[in-house]
Amino acid sequence: MKNELGLIVHPEKTKIVNNLEQPFVFLGYEFKQAFWMKPSDKAIKKFKNKVKEITKRNQTANIERLIKDRLNPFLRGWGNYFGHGNSKKLFTIFDAWIRRRLRSVQLRSWRKIRKLHRELRRRKWKGELPKLRMYSWRSSRCTPVNTALPNEWFVEKGLVSLVDIYNKHHPQ
């Protein structure tokens, strides 16, 4: 290659593979079995770290501003880049995880359990009002919190869905 084109190829980064037999990573995608591609493990780890940085659970924040100013631009960019691959299941998992992180941020922002109780009463909660920690990660997964902050609430706040982005790239 050096003699023909005058290029020096990096010996560790460059390899020639038969993509029917051996997977390879290129530009953040992992290619397997000819045409099957998904985000690489490194890209997934980087995505999760960035979302964790944006949705720090120990912050009190205006959720709408957090979603519109910081989270949505990142999700749109990442989703549009990796939405061309075969990653609907991964995007579904990420959407649920992001909503859970935002629920945790909202609980932290409310600080007092009475604000959660007020929201539950507004949503016609049947049963006993829960006693839970507003600062705990596990609280963001319980049924009362999911009732107080349902998925539709995030749509109202303008949260971008990775699955919606995926569906735009893969019309049925």
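Residues numbered from 1 in each chain as written. Predicted model: local features only at pLDDT ≥ 70, side-chain atom pairs only at ≥ 80, totals over all residues. Heavy atoms only, no water.

**Notes on the pattern of salt bridges**
Move 1: With the rule as written, the count across this model stands at 8 salt bridges.
Move 2: Glu-64 is the partner of Lys-68 in a salt bridge, and the nearest nitrogen-oxygen pair spans 4.0 Å. Here Glu-64 and Lys-68 lie together in helix 3 (residues 63-82), a separation of 4 residues that amounts to about one turn.
Move 3: Taking relative accessible area as the criterion, Lys-68 reaches 46% and is therefore assigned partly exposed.
Move 4: Between Arg-122 and Glu-119 there is a salt bridge, with the nearest N and O atoms lying 2.7 Å from each other. One end of the pair, Arg-122, and the other, Glu-119, are both in helix 5 (residues 113-122), 3 residues apart, so they sit about a helical turn from each other.
Move 5: For Arg-122, a relative accessible area of 54% puts it in the exposed group.
Move 6: Relative accessible area serves as the criterion here: at 13%, Glu-119 is assigned to the buried category.
Move 7: Through salt bridges with shared partners, one network takes in Glu-30, Lys-32, Lys-38 and Asp-41. (Salt bridge = Lys/Arg side-chain N within 4 Å of Asp/Glu carboxyl O. Helix = DSSP H or I, 4+ residues; strand = E, 2+ residues; numbered from the N terminus. Buried < 20%, exposed > 50% of the residue type's maximum accessible area, 1.4 Å probe, protein only.)

The quantities given are spatial measurements derived from coordinates; they are silent on function.
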